[in-house]
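# Analysis of the macromolecular model
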Amino acid sequence: MHDTPPPTEPGQPEPLAHGLKQRHLTMLGLGGVIGAGLFVGSGAGIAVAGPAIVVSYLIAGTLAMLVMRMLGEMSAAIPASGSFSVHAERALGRWAGFSVGWLYWFLLVVVLAVEATAAATIAHGWVPAVDQWAWVLVFMVVFTVANLTAVKNFGEFEFWFAALKVAAIVVFLVLGLLAIFGLLPDTEPVGLTNLTGQGGFLPNGWAGVVSGVLTVVFAFGGLEVVTIAAAETDNPARAVGRAVRSAVVRILFFYVGSMLVIVTVLPWTAQQAGLSPYVKVLDAIGVPSAGQIMNIVVFVALLSALNANLYGSSRMIFSLAERGEAPRGLLKVSGGGEGGVPRRAVLASVAFGFVSVLLNLKWPDSVFLYLLNSVGAVLLFVWGLIAASQLRLRRRIEREAPEALNLRMWFFPWLTWLTLFALGAVLVLMLTDDVARPQVLWSTGATGLVLLVALAREARERRRG
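This write-up is about the structure you can find in this document. (Residues numbered from 1 in each chain as written. Predicted model: local features only at pLDDT ≥ 70, side-chain atom pairs only at ≥ 80, totals over all residues. Heavy atoms only, no water.)

### Focus on the overall build of the chain
If you tally the helices and strands in the chain, you get 19 helices and 0 strands. With the C-alpha coordinates aligned to their principal axes, the bounding extent of the chain is approximately 75 × 55 × 40 Å. Burial status across the chain gives 57% buried among its 465 residues. Working note: accessible area of the chain is about 18400 Å², and carbon and sulfur atoms make up 68% of it. Here the chain contributes 31 positive and 26 negative side-chain charges, whose respective centroids are spaced 7 Å apart. (Helix = DSSP H or I, 4+ residues; strand = E, 2+ residues; numbered from the N terminus. Buried < 20%, exposed > 50% of the residue type's maximum accessible area, 1.4 Å probe, protein only. Areas by Shrake-Rupley, 256 points an atom, 1.4 Å probe, with all protein chains shown as cover. Lys, Arg positive; Asp, Glu negative; His and termini not counted. Charge placed at Lys NZ, Arg CZ, Asp CG, Glu CD.)

Okay, here's the thing in structure tokens:
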């Protein structure tokens, strides 16, 4: 059925270069999900959950951590540039690998437009003489060039981007704790007043916590790129295991810790959707030019996400081409000293990214909005297929190559089943939410369309065979 069979045995080599190092992968894991969703989007979560947004982030982060543990287990045993697409194909069948691979590629190239446009908006504010579209062009060209050259260039970009984001959060946490205990100049200890006042810790009840989960869960998307990148390290199995182990706990610490500082320093009623709660806190404790500082951090976060999404999408479509699920012409890999880069796959991804950006600039409230809604819940479908794949693949690896299980899912299979149930519950809750419902419906339609194509291809090949 395949022109090029998928990697099915642990340790089978990938044709891509091994230019990424452990430090690249570790920082990609740490910085991959620290983006505008945290620095700006968290304000919307606080507005609906109050101080209990801490619980919302804990629930959403735990769910992401469980998915990453499952993905880490499979990726350490069977490293592949297609990551969960390869795992899904091996565990559930060709239809699953095709569907999850194309859906994830589509998700990345659409979200890429949001990031490029948002970064251009910030840059245009700094340099009004340069039009927004020109900034978009600059960003797309720079990161396209970076991804067309050796993979180590992508790794270096992400290493320093992630380092800046992690440093920003660490400084924020330190300043926040000093403010809470009254250790900053001209400050008094805050205490726990803001956690218990203005309606208490649960001002909107548990319904507010649930709404908070629906608001923040998608901020954890992006960790999956770590397992895609692992295939381009010298020791993929060891590298992905280390990256996953270090990333998930620290991500929870950064997210939950940040929220705890924010709702302790200031009343939750002081926050507004669309405005960065980090800026509010820094302003309150007297940090000069707090808004401009956070603008720089958000700008870097957006460029980092743009770079990572372009990388992840190119490797995913390359993996699909390897398995005969995308045009064979995308398989060409660069040679020479900068070898091992799937340049045609990069160009194919950035081409669709450019189309998405143009749609976003031209029709942000119509055509692009429908496009964005069509990928709104795709991350949950991807996570669901990761969990379903791990259920099947774990037993198979235990039989065929138990020594490859260097990283194991906790309390298998019970936590895997619990994760699947939780993902289903989130989708059901989104259907009951007026804001989230269109995303679920459009994403379900897009997923159904891809599944129909996958099943039609399989039916056609069965008739041929």
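### Topic: the side chain of H87
By the element assignment, H87 lies in helix α5 (residues 84-92). Here H87 falls in the buried class, since its relative accessible area comes to 1%. Apart from the residues within four sequence positions on either side, H87 is in contact with L71, M74, S75, I78, S389 and L393. (Contact = heavy atoms within 4.5 Å.)

### A look at helix α18 (residues 414-431)
The terminal C-alpha atoms of α18, which comprises 18 residues, lie 26 Å apart, in line with the 26 Å expected from a rise of 1.5 Å per residue. Among the residues of α18, those classed as buried are T416, T419, L423, V426, L427 and M430. Within α18, the buried residues cover an arc of 95 degrees as seen down the axis, which keeps them to one side. Exposed side of α18, more than 90 degrees from the buried face: W414, W417, F421 and V428 are the residues found there. Of the surrounding elements, those touching the buried residues of α18 are α4 (53-77), α10 (205-216), α17 (378-400) and α19 (437-464). (Expected span 1.5 Å × (residues − 1). Arc of directions from axis to C-beta.)

### Re the pattern of salt bridges
Considering all chains together, one arrives at 12 salt bridges under this definition. Note that E461 and R94 form a salt bridge whose closest N and O atoms lie 2.7 Å from each other. Taken together, the residues E461 in helix α19 and R94 in helix α6 (residues 94-126) connect sequence positions 367 residues apart. The same class applies to E461 as to R94, namely buried. Residue R315 pairs with E232 through a salt bridge whose shortest N-O separation is 2.7 Å. (Salt bridge = Lys/Arg side-chain N within 4 Å of Asp/Glu carboxyl O.)

### Some remarks on the packing of aromatic side chains
Per the stated rule, a full pass over the model turns up 20 aromatic pairs. Ring geometry for F84 and Y104: centres 4.8 Å apart, planes at 90 degrees, overall edge-to-face. One end of the pair, F84, is in helix α5; the other, Y104, is in helix α6, and 20 residues separate them in sequence. For the pair formed by F84 and Y104, the shared burial category is buried. Here a set of aromatic residues connected by ring pairs shows up, and it is made of F98, W102, W105, F106 and F352. Positioned over the ring face of F159 is R23, at 4.7 Å from the centre of the ring. Above the ring of F412, the side-chain terminus of R394 is found at 4.7 Å from the ring centroid. (Phe/Tyr/Trp six-rings, centres within 6.5 Å; stacked < 30°, edge-to-face > 60°. Lys NZ or Arg CZ within 6 Å of the ring centre and 35° of its normal.)

### Some thoughts on the layout of surface pockets
The gaps left among the atoms become clear once a water-sized probe is rolled over them. There is about 190 Å³ of room inside the second largest pocket. The wall of the second largest pocket is formed by 14 residues, among which I59, V213, A422, V426 and L429 lie closest to the centre. Counting only elements with at least two residues in the lining of the second largest pocket, the list comes to α4, α10 and α18. With 6 residues, α18 is the single largest residue contributor to the lining of the second largest pocket. Looking at the lining of the second largest pocket residue by residue, the classes come out as 14 nonpolar, no polar and no charged. (1 Å grid on protein atoms, 1.4 Å probe; cavity = no way out; pocket = protein on both sides within 12 Å on 5 of 7 lines; lining within 4 Å. Points joined across faces, edges and corners; volume = space filled by probe spheres on them. Nonpolar A, V, L, I, M, F, W, Y, C, P; charged D, E, K, R; others polar.)

### Observations regarding α19
Taking 1.5 Å per residue as the helical rise, α19 with its 28 residues ought to reach 40 Å, and the 41 Å between its terminal C-alpha atoms agrees with that figure. Where α19 is buried, its residues contact α6, α16 (367-373), α17 and α18.

### Quick notes on the environment of Y57
Assignment of secondary structure puts Y57 in helix α4. Between the alpha carbons of Y57 and V216 there is a distance of 6.8 Å; along the sequence they are 159 residues apart. Excluding its chain neighbours within four sequence positions, the residues that come into contact with Y57 are G37, L38, S42, V216, F220, L252, Y255, V256 and M259.

### Quick notes on the environment of G50
Tracing the backbone through its elements, the reader meets G50 in the loop between α3 (42-49) and α4. Residue classification places G50 among the buried residues on the basis of a relative accessible area of 0%. In contact with G50, not counting residues within four places along its chain, are G45, P203, V263 and W268.

### A few points about unusual backbone geometry
Apart from glycine, the bulk of residues carry a negative phi angle, and the bulk of peptide bonds sit in the trans form. Cis geometry marks the peptide bond from F412 to P413, where omega comes out at 0 degrees. Tracing the backbone shows P413 in the loop between α17 and α18. A positive phi angle, near 45 degrees, is found at S83, a position not held by glycine. The topology assignment puts S83 in the loop between α4 and α5. Judged by relative accessible area, S83 falls into the buried class, the value being 0%. Here F411, not a glycine, exhibits a phi torsion of approximately 45 degrees, which is positive. Among the structural elements, F411 can be located in the loop between α17 and α18. Note on F411: relative accessible area 67%, which makes it exposed.

Structural measurements only, silent on function.
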